[in-house]
Amino acid sequence: MCAQTETLDTEPDRGAAPIRLDGLTKRYGDVTANDAVSFDVGAGEIFGYLGPNGAGKTTTIRLLLGLIKPTSGSAEVLGADIRDRRALTDVKADIGYLPDSLGFEERLTGRQVLDYFARMRGDERREELLELFRPPLDKRVETYSHGNKRMLGIVQTFMHDPDLVILDEPTSGLDPLKQDRMHLFLEEERDAGKTVFFSSHVLSEVQRVCDRVGIIRDGALVALEGVDDLLERSGKDVRVQLAAPVDEERFATAEMIDVEAVDRTVRFTYTGEPAALLDHLVQFEIEDVDIGDPQLDEIFKHYYGNDAEE
Amino acid sequence: MTAILRVESRKRVRGSVILVVVFALLSALYFSMFPGIQAEMDVIEEAFPAYMFDLFQIEELHTIEGFIAAEIYSFFWVLLVAIYFAYVGAGLISSDVRSRKMDLTLSNPVSRESVVLQKVAALWVPLIALNVGVPIIVYVGALVIGESFDPVALAMVHLLSIPYLLVCAGIGVVLSVVVDHPRTARAVALTLVAVLWLVDGVSRVDPDYERIGALTPSRYYDQTAILVHEEYALGDAGILLAAFLALLAVAVFVFTRRDI
């Protein structure tokens, strides 16, 4: 989606960033779960927080919500310092949170769960959301599938019409149709002025919905850029099936990385222009071509090195 | 802000009903036995060594008050109900943290103090259910076999047990915020309450341990004194209540400062 900032290394120029991290650090003994993470999330943007599982995404989110205390550094959420418990509790009326692992009261029905949260922070958009996401409200949550739980979680996150939503792997467990619905819904919410913090380990999903992306690896922020730039820099995974075995020397170009040729199949990551690649390929007798998005790990390997220390 | 109190109260209903039913069955058993063995109680009282009676605070077994105090209150109430409260208390916070329910709960505009207090306040359900249901069962049971209870003493044996049960719950709640694993918290809580009860019993028998017994909650609740002698130790109940509030304060203090 449209990256709205052109000078990507500078922070969006917005008076009050809904989320502002300043050297946020969390250590558990020798393990540094978050290492001096700093970035701002601007009002009205969908900010993708991308990283492999275990990179420290959930730690950042739990720090922002005051569930755990930072070892050093700080952060502000809707203007409240996360170290100020009272201020943070107050602004939570305007925050929606969808955790990666949904801990509902299992014996309650979906409706009772929503009633429970409604008593604490309102539910003016409940009915509207239930038309988009339809968990079986009269059944007990313990009987829910993963996808139904996730939908109940989505309704719970948005039903009090918060200014800021924090989503931790929001589409996990949803079928592709519901994922699309969720992505579309997020774009509409963003256009209506909501700020969305979207954590995910799925590159294609972040590419699709997010305006800007922060990439976290081993607890450290390794990149912060517009989603278009990320796409340009990430290259494509290409697999070519040739009619006959080919000499790798002759086939490879400077834009190809990690070329692996086995018999008549060649795999590589392509970092150049798509048109140039197609021009190059037509010189060979080709049976099949598969061009896809690279794995997140591949991007890390090629563009951020294996050492994520700053 | 009573959303948590409501949901927590609902969660306590089933256990409370089960406990009342258990007491109804136990009462039926003991009341049906009493007329038959009442005459032999003198023999029983002579047959067992005195320390057994001291240990369980048993007196006057041949009266209905002494019999019920011994059979229902000195064991089932003072130990098993206490263990139930310690067990429930120990699960209040730890199990929610473990299951990540606490993440969602605390994403609401509700303070951690309020979460602890509402969860503890939900113990009103078993407290009321047991302390209303069981005395009615005991009172009616006595009437059915042609005996009668002093209703004031019966009411007091329950009223004064509330601070005692709250202290046991408080022990559980403190463990619930300190120990990460709900299973461990529950196991430690119920073991601790059982050990404290035993220590109290032993300290009554052996004068050398008398002073250690002062640290056990059951020392401040004497069901036999209430039922048989109609002695109502309000000061002791006050001590228990203060201890409960202190435990609650410790739990809130720890919970508001820890990572979850």
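What counts as what
- Residues numbered from 1 in each chain as written.
- Chains lettered and ligands numbered in written order.
- Predicted model: local features only at pLDDT ≥ 70, side-chain atom pairs only at ≥ 80, totals over all residues.
- Heavy atoms only, no water.
- Helix = DSSP H or I, 4+ residues; strand = E, 2+ residues; numbered from the N terminus.
- Contact = heavy atoms within 4.5 Å.
- Areas by Shrake-Rupley, 256 points an atom, 1.4 Å probe, with all protein chains shown as cover.
- Lys, Arg positive; Asp, Glu negative; His and termini not counted.
- Charge placed at Lys NZ, Arg CZ, Asp CG, Glu CD.
- Domains from an automatic or database assignment.
- Axes fitted to C-alpha atoms, helices over the stretch in contact; angles between N-to-C directions.
- Parallel < 35°, antiparallel > 145°, perpendicular 65-115°, else oblique.
- Left-handed = near helix turned anticlockwise from the far one by under 90°.
- Nonpolar A, V, L, I, M, F, W, Y, C, P; charged D, E, K, R; others polar.
- UniProt positions renumbered as here; feature names shortened; annotations may be inferred.
- Buried area = accessible area lost by both parts, 1.4 Å probe.
- Salt bridge = Lys/Arg side-chain N within 4 Å of Asp/Glu carboxyl O.
- Polar contact = N/O pair within 3.5 Å; in protein donor to acceptor, adjacent residues only side chain to side chain.
- Core = buried A, V, L, I, M, F, W, Y, C linked by side-chain atoms within 4.5 Å.
- Buried < 20%, exposed > 50% of the residue type's maximum accessible area, 1.4 Å probe, protein only.
- Phe/Tyr/Trp six-rings, centres within 6.5 Å; stacked < 30°, edge-to-face > 60°.
- Lys NZ or Arg CZ within 6 Å of the ring centre and 35° of its normal.

Draft legend 1. Up close: the overall build of chain A. If you tally the helices and strands in chain A, you get eleven helices and 14 strands. Long-range contacts, defined as pairs at least 24 residues apart, comprise 69% of the intrachain contacts of chain A with a sequence gap of at least 6. Element-wise, carbon and sulfur atoms account for 44% of the exposed surface of chain A, whose accessible area totals about 13800 Å². Where the 36 positive side-chain charges of chain A centre and where its 62 negative ones centre are 9 Å apart.

Draft legend 2. Molecular detail of the domain arrangement of chain A. The assigned domain composition of chain A is domain 1 (19-232) and domain 2 (236-293). The C-alpha-based centres of domain 1 of chain A and domain 2 of chain A are spaced at 39 Å.

Draft legend 3. Region of interest: the packing of helix H10 (residues 161-178) of chain B against helix H14 (residues 234-257) of chain B. All names here are of chain B. Between H10 and H14, whose axes approach to 8 Å, the crossing angle comes to 15°. Here H10 lies roughly parallel to H14, going by the angle between them. Viewed along their axes, H10 and H14 form a crossing whose handedness is left-handed. For the pair formed by H10 and H14, the contact residues are Pro163, Tyr164, Leu166, Val167, Gly170, Ile171, Val173, Val174, Val177 and Val178 on the first element and Ala237, Leu240, Leu241, Ala243, Phe244, Leu247, Val250, Ala251, Val254 and Phe255 on the second. Residue composition of the contact of H10 with H14, grouped by class: 19 nonpolar, one polar and no charged.

Draft legend 4. Looking closely at the UniProt feature "domain: ABC transporter" (unreviewed entry) in chain A. Under the feature "domain: ABC transporter" (unreviewed entry), the UniProt entry names residues 19-243 of chain A. Annotation note: span residues 19-243 of chain A, helix share 35%, strand share 31%, distance between end C-alpha atoms 54 Å.

Draft legend 5. Region of the structure containing the side chain of Thr105 of chain B. Mapping Thr105 of chain B onto the fold places it in helix H6 (residues 101-105). Discounting residues that sit within four places of it in the chain, Thr105 of chain B has contacts with Tyr116 of chain A together with Ile4, Val110 and Val115 of chain B.

Draft legend 6. Looking closely at the interface of chain A and chain B. Listed by partner, the interface residues are 29 residues for chain A and 27 residues for chain B. Both sides together, the interface formed by chain A and chain B hides about 2700 Å², and carbon and sulfur atoms give 51% of it. By the criterion of area lost to chain B, the three top residues of chain A are Leu67, Arg85 and Met120 of chain A, representing 23% of everything that side buries. At the surface where chain A touches chain B, the tally comes to six salt bridges. For the pair chain A and chain B, the number of links is 14 residue pairs in polar contact (both at pLDDT 80 or more). Looking at the side of chain A that touches chain B, the elements that each hand over two or more residues are helix H1 (57-64), helix H2 (85-91) and helix H3 (110-121) of chain A.

Draft legend 7. Here's a closer look at the nonpolar core. Among the nonpolar cores identified, the biggest contains 154 residues, and Phe39 of chain A together with Tyr73 of chain B are the most heavily contacted of them. Ranked by residues supplied to this core, first place goes to helix H4 (residues 64-92) of chain B with 20 residues. In terms of nonpolar packing, the next biggest core, distinct from the first, is built from 13 residues, Val238, Phe251, Val259 and Leu277 of chain A among them.

Draft legend 8. Quick look at the packing of aromatic side chains. If you walk through the whole model with that rule in mind, you get 20 aromatic pairs over all chains. Joined through ring pairs, the aromatic side chains of Phe39, Phe47, Tyr49 and Phe197 of chain A make up one cluster. For the cation-ring pair, Arg186 of chain B lies above Tyr87 of chain B, with the distance from its terminal atom to the ring centre recorded as 4.9 Å. A cation over a ring is seen here: Arg257 of chain B above Phe253 of chain B, with NZ or CZ 3.9 Å from the ring centre.

Draft legend 9. Local environment of the pattern of salt bridges. Per the stated rule, a full pass over the model turns up 35 salt bridges over all chains. Note that Lys101 of chain B is salt-bridged to Glu105 of chain A, the shortest N-O span being 3.1 Å. Within this pair, whereas Lys101 of chain B is found in helix H6, its partner Glu105 of chain A is found in the loop between strand S6 (95-98) and H3, the two belonging to separate chains. What makes Lys101 of chain B buried here is its relative accessible area of 15%. A relative accessible area of 16% means that Glu105 of chain A is categorised as buried. Each member of the salt-bridge network shares a partner with another, and the members are Glu105 of chain A together with Glu8, Lys11, Arg12, Asp96, Lys101 and Lys119 of chain B.

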